[in-house]
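Commentary on secondary and tertiary structure
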Amino acid sequence: MVNTKVNLSGIILDNPVIPASGTFGFGYEFAELYDINCLGTFSFKGTTKDPRFGNPCPRIAECDSGMINAVGLQNPGVEKVIENELPKLKACFNKPVMANVSGFSVEDYAYTVEKLDSQEQIGWFEVNVSCPNVHGGGMSFGTSPEAAAEVTAACRKVTDKPLYIKLSPNVTNIVDIAKACEAAGADGISMINTMLGMRIDLKTKKPVIANKMGGFSGPAIKPVALRMVYQVYEAVKVPIIGMGGISTAEDVIEMMLAGATAVQVGAANLVDPFASKTIIENLPKVMEKYNIDDLSQIIGGAH
Amino acid sequence: MTQGFYKILSNIQLTRTVYKMVLGGDTGAITASGQFVNIKLDGKFLRRPISICDYDETTITLVYKVVGVGTEQMSKMTEGQELDVLVGLGNGYSLDKCGDKPLLIGGGVGVPPLYNLCKKLINEGKKVTVVLGFNTKEEIFLEDDFKKLGAEVLVATADGSYGVKGFVTDAMKDVDYTYFFTCGPMPMFKAIEAVASTSGQYSFEERMGCGFGACMGCSCKTKYGNKRICKDGPVLEREEIIW
Ligand SMILES: Cc1cc2nc3c(=O)[nH]c(=O)nc-3n(C[C@H](O)[C@H](O)[C@H](O)COP(=O)(O)OP(=O)(O)OC[C@H]3O[C@@H](n4cnc5c(N)ncnc54)[C@H](O)[C@@H]3O)c2cc1C
Ligand SMILES: Cc1cc2nc3c(=O)[nH]c(=O)nc-3n(C[C@H](O)[C@H](O)[C@H](O)COP(=O)(O)O)c2cc1C
Ligand code: FES
């Protein structure tokens, strides 16, 4: 029997497979299809202080081996998430869940984390710093070490739960940003968010996405994600949750070898609703194939 | 919703660009006319949403137009090949409030989902009128199929090469109806909205990431709050739509 368990900041996951925020809703859509308690955990839809509709449609575009989304953080706002979504989540998932939080000012982030902190089922926070800072000329918090550290520190003040900062890959030096978050009190780094991309429709000769650009994800970005996780692993001591293009058990192992303690599955859930479950089921036999007895032993193995 | 592998029983050309594909497999997840399926195609990342034109216990009929790489690929597939399909997506049309003289209005590739709806309404003993709109005579499909069901069928062509010259709204002028169901392009919807005298239901299209409510890729605003076209739609009631 192989061991797929990993320790993510003191909470033991049955396996390192975590559906990524924005691709798994609040879990219950998938619970109609399979028992989602087979998951390590999952990261719920990016939650903000106020309700958001997001960007105008079309906000999805297909790419070779991936997709672009410009959903723009549609969510009912933290109050409604607590009132309506978390009870529904609890009814179908009995493990600690990861709370994905977004904001447009440092205060927004701290407000939302503080509100959610009292929710028992929340095991970890995953703070998405890819959002534009309304007070910083629209530049994403995730593009400057100072801004990312400021968000980290503000969230650190309002929660004792494990705090992961989710980094944007749209930066020149992701290592500096990861180090700044670690120094500001992050318990871990989650990476990567989507890469800025676009598609143009040859018939209309205009961008496919109403917002023109959006976040590119899926198998096509996996090499970039692996490279970034590998680099950050060398620079920080805190654990990393790795993601970007994961769609098979082999991908999970590759990402762990790069330095990830746990791995998220994003776009793959959208094209195959059973993707995360299938990955979990395949993990033991793929581990055996590569002579891996204990998954936690391979973290950072490629270094 | 269920996921399954469906065998292509036939895939025939109806017009220059429109094809009819019959798939064999489990149809237990289909609960209403106007629902759709989401088809995985080799080498394409996202699935392709296509309305269920008709179904029975073991088959699903799709009618689709070749507009891009995915539908082109579908048109080349042959009997015996298998497709990975998500089945029974979306809410579909609700038949509760339609009275005894429902009007079905389809434009172009919006026509297919009305076929099974028409069948159900006729089985319920309704007097159904179907108005179909196409650009030109060569593009007309399913007209005879609706007639065989026992519906009164009126066709409008934009160039006047067949039936009424003009748009569906020209063909429906003298129809006496108690309710309407429609599917088709946005300009047609706006024209219907301007003239329709009863309540009705519109079936919308949007680019989709998942097709089953997980990604928020297809949301729209309605008078009753945000809705996902794939899960809370594709059918919306006239009263809730914000134009
Ligand atoms: C609920 C629903 C029901 C539909 N029913 C039918 C039907 O019965 N018959 C039919 O011919 N067509 C139908 N369509 C439209 C059909 O989905 C598109 O024509 C098809 O996806 C085009 O794929 P493609 O690869 O050929 O085109 P491409 O332009 O190459 O596709 C690129 C991407 O854009 C998406 N896309 C392109 N056009 C549309 C569109 N109009 N709506 C949604 N996504 C689109 C594709 O799915 C793909 O992800 C329906 C769409 C929806 C949303
Ligand atoms: C439709 C969609 C919505 C997303 N929404 C969020 C979100 O709300 N918060 C967030 O941190 N990341 C969000 N992401 C990013 C994913 O969580 C993930 O970081 C990214 O897609 C890379 O993984 P993948 O290649 O497996 O998709 C979203 C991605 C997609 C495709
Ligand atoms: S397409 Fe994913 S929610 Fe509608």
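Just so you know, the residues in each chain are numbered from 1, in the order the chain's sequence is written. All chains are assigned letters beginning with A, and all ligands numbers beginning with 1, in the order in which they are written. Under the rules for a predicted model, residues below a pLDDT of 70 receive no local features and side-chain atom pairs below 80 are neither given nor counted, while totals for whole chains, interfaces and linings still include all residues. To obtain the side-chain values, all non-hydrogen atoms of the structure were included, while hydrogens and water were left out.

Thoughts on the site of ligand 1
All names here are of chain B. Here a residue is considered near a molecule or strand provided that any single heavy atom belonging to it is located within 4 Å of it. Ligand 1 sits among 21 residues. The nearest are R48, P49, G70, T71 and R207. Distance and chemistry together define a polar contact, namely a pair of N or O atoms within 3.5 Å, with one atom able to donate a hydrogen and the other to accept it when in protein, and with adjacent residues in sequence counting only for side-chain atoms on both sides. At 2.9 Å, a backbone N or O of V63 approaches a nitrogen atom of ligand 1. Each accessible area is a Shrake-Rupley result for a 1.4 Å probe, and residues are judged covered by the shown protein chains and nothing else. Here ligand 1 has 820 Å² of accessible area as a free molecule, and 87% of this is covered by the chains. Here a helix means four or more residues in a row that DSSP labels H or I, a strand means two or more in a row labelled E, and each is numbered from the N terminus. Sorting the residues of the shell around ligand 1 by element identifies β4 (48–51), β6 (59–65) and α1 (69–75) as the ones contributing at least two each.

With respect to the sheet that holds strand β4 (residues 60–63) of chain A
Residue and element names in this part refer to chain A. Strand order in this open sheet of four strands is β4-β5-β13-β10, and the pairing throughout is antiparallel. Each having just a single partner strand, β4 and β10 (195–197) make up the two edges of the open sheet. Ignoring which end each strand starts from, the neighbouring axes of this sheet average 35° apart. Where β10 and strand β13 (residues 214–217) come together, three bridges link them in antiparallel fashion. Of the residues in β13, the one forming a bridge with M195 is F216. Any two strands with at least two DSSP-identified bridges between them are counted as paired. Helix axes are fitted only over the stretch in contact, all axes being lines through C-alpha atoms; the angle between N-to-C directions runs from 0 to 180 degrees.

Brief notes about the environment of D160 of chain A
Of note, D160 of chain A is situated in the loop between α4 (145–158) and β8 (163–166). Through-space distance from the C-alpha of D160 of chain A to that of L257 of chain A is 29 Å; in sequence the pair is 97 residues apart.

Examining the site of ligand 2
Taken together, 24 residues form the shell around ligand 2, and within it S21, K166, G218, G245 and A267 of chain A come nearest. Surrounding ligand 2 are residues belonging to chains A and B, so the site spans chains. Separating an oxygen atom of ligand 2 from a backbone N or O atom of G46 of chain A is a distance of 3.2 Å. For ligand 2, whose unbound accessible area comes to 610 Å², protein coverage reaches 98%.

With respect to the packing of α4 of chain A against helix α5 (residues 174–183) of chain A
All names here are of chain A. Contact geometry of α4 with α5 gives a least axis separation of 8 Å together with a crossing angle of 30°. Classified by the angle between their axes, α4 and α5 sit roughly parallel to one another. In terms of crossing hand, the pair formed by α4 and α5 is right-handed. The segment α4 lies against α5, with P145, A148, A149 and T152 engaging D176, I177, A180 and C181. For this classification, the nonpolar set comprises Ala, Val, Leu, Ile, Met, Phe, Trp, Tyr, Cys and Pro, the charged set comprises Asp, Glu, Lys and Arg, and every other residue, Gly included, is treated as polar. Its residues placed into classes, the contact of α4 with α5 shows six nonpolar, one polar and one charged. Here the word oblique covers every angle except those under 35 degrees (roughly parallel), over 145 (roughly antiparallel) and from 65 to 115 (roughly perpendicular). Here a crossing is taken to be left-handed if its near helix is turned anticlockwise relative to the far helix by less than a right angle, and right-handed if that turn runs clockwise. Throughout, a residue-residue contact means that at least one pair of heavy atoms, one from each residue, lies within 4.5 Å.

Things to note about the pattern of salt bridges
Criterion for a salt bridge: a side-chain nitrogen of Lys or Arg within 4 Å of a carboxyl oxygen of Asp or Glu. Going through the model one piece at a time under the given rule, you end up with 21 salt bridges over all chains. A salt bridge links E62 of chain A to R48 of chain B; its shortest N-O distance comes to 2.7 Å. Separated into two different chains, E62 of chain A in strand β4 and R48 of chain B in strand β4 make up a pair that spans both. Of the two residues, E62 of chain A and R48 of chain B, both sit in the buried class. The closest approach of N and O atoms between D251 of chain A and K222 of chain A, which form a salt bridge, is 2.7 Å. Here D251 of chain A is found in helix α7 (residues 249–258), whereas its partner K222 of chain A is found in helix α6 (residues 222–235), with 29 residues between them in sequence. The buried label goes to any residue with under 20% of its type's maximum accessible area, the exposed label to any with over 50%, and the partly exposed label to all in between, with areas taken from a 1.4 Å probe on protein chains only. Classification of D251 of chain A as buried rests on a relative accessible area of 8%. Look at the salt bridges and you will find they share partners, linking K5, D14 and K95 of chain A into a network.

Quick look at the interface of chain A and chain B
Counting from both sides, the interface comprises 34 residues of chain A and, opposite them, 27 residues of chain B. Counting the surface lost from both chain A and chain B, the interface buries some 2400 Å², and carbon and sulfur atoms represent 61% of this. Scanning the region where chain A abuts chain B turns up three salt bridges. The shortest N-O distance in the salt bridge between R228 of chain B and E29 of chain A comes to 3.0 Å. Going through the elements one at a time, α1 (28–31), β4, β5 (66–69) and α8 (268–271) of chain A are the ones with two or more residues in the side of chain A that touches chain B. Tallying contributions element by element places β4 of chain A first for the side of chain A that touches chain B, with four residues. Residues belonging to the side of chain A that touches chain B are distributed by class as follows: 18 nonpolar, eight polar and eight charged. Here the quantity called buried area is the total loss of accessible area, with a 1.4 Å probe, experienced by two parts when brought into contact, counted for both.

Focus on the sheet that holds strand β15 (residues 262–265) of chain A
All names here are of chain A. Spatially, seven strands are ordered β3-β15-β14-β9-β8-β7-β6 in an open sheet, and the strand pairing comes out parallel. Each having just a single partner strand, β3 (17–19) and β6 (97–101) make up the two edges of the open sheet. Along the sheet, successive strands turn relative to each other by an average axial angle of 25°, direction set aside. Where β3 meets β15, three bridges bridge the pair, whose relative direction is parallel. Across the sheet, V17 pairs through a bridge with V263, a residue of β15. Its contacts with the sheet put helix α3 (residues 106–117) on β6 and β7 (122–128), and the angle it makes with β7 is roughly 170°. The sheet contacts of α4 involve β7 and β8, and relative to β8 the element is tilted by about 155°.

Overview of the packing of aromatic side chains
Pairing of aromatic rings covers Phe, Tyr and the six-membered ring of Trp, with a centre-to-centre limit of 6.5 Å; geometry is then stacked below 30 degrees between planes, edge-to-face above 60, and tilted otherwise. Applying the stated criterion across every chain yields a total of 19 aromatic pairs over all chains. Ring geometry for F24 of chain A versus F42 of chain A: centroids 5.2 Å apart, planes at 50°, classification tilted. One end of the pair, F24 of chain A, is in the loop between β3 and α1; the other, F42 of chain A, is in the loop between α1 and β4, with 18 residues separating them in the sequence. For the pair shown, F24 of chain A and F42 of chain A are each scored as buried. Ring centres of Y202 of chain B and F204 of chain B lie 6.4 Å apart, and the angle between their planes is 40°; this geometry places the pair in the tilted category. There is no split in this pair, since Y202 of chain B and F204 of chain B are both buried. Three or more aromatic residues link up through ring pairs in this structure, and these residues are F24, F30, F42 and F93 of chain A together with F212 of chain B. Just above the ring of Y111 of chain A sits the side chain of K49 of chain A; from NZ or CZ to the centre is 5.2 Å. A positively charged side chain is recorded as over a ring if its NZ (Lys) or CZ (Arg) lies within 6 Å of the ring centre. The angle to the ring normal must also be within 35 degrees.

Comments concerning the domain arrangement of chain B
Residues and elements named next belong to chain B. Where a domain begins and ends is set by an automatic assignment or by a domain database. Looking at the assigned domains, one finds that chain B contains domain 1 (2–89) and domain 2 (102–203). Of note, the centres of domain 1 and domain 2, computed from C-alpha atoms alone, are 23 Å apart. Of the residues lining the interface, 13 residues belong to domain 1; the matching set on domain 2 comes to 13 residues. Summing both partners gives a buried area of about 1100 Å² for domain 1 against domain 2, and 60% of it is carried by carbon and sulfur.

Quick word on the pairing of β5 of chain A
All names here are of chain A. Bridge count between β4 and β5: four bridges; the pairing is antiparallel. The partner of E62 across the bridge, within β5, is M67. With antiparallel pairing between neighbouring strands as the criterion, β4 and β5 make up a hairpin whose turn holds two residues, including S65 at a positive phi of roughly 55°. Inspection of the sheet shows β5 paired to β13 by three bridges, in the antiparallel sense.

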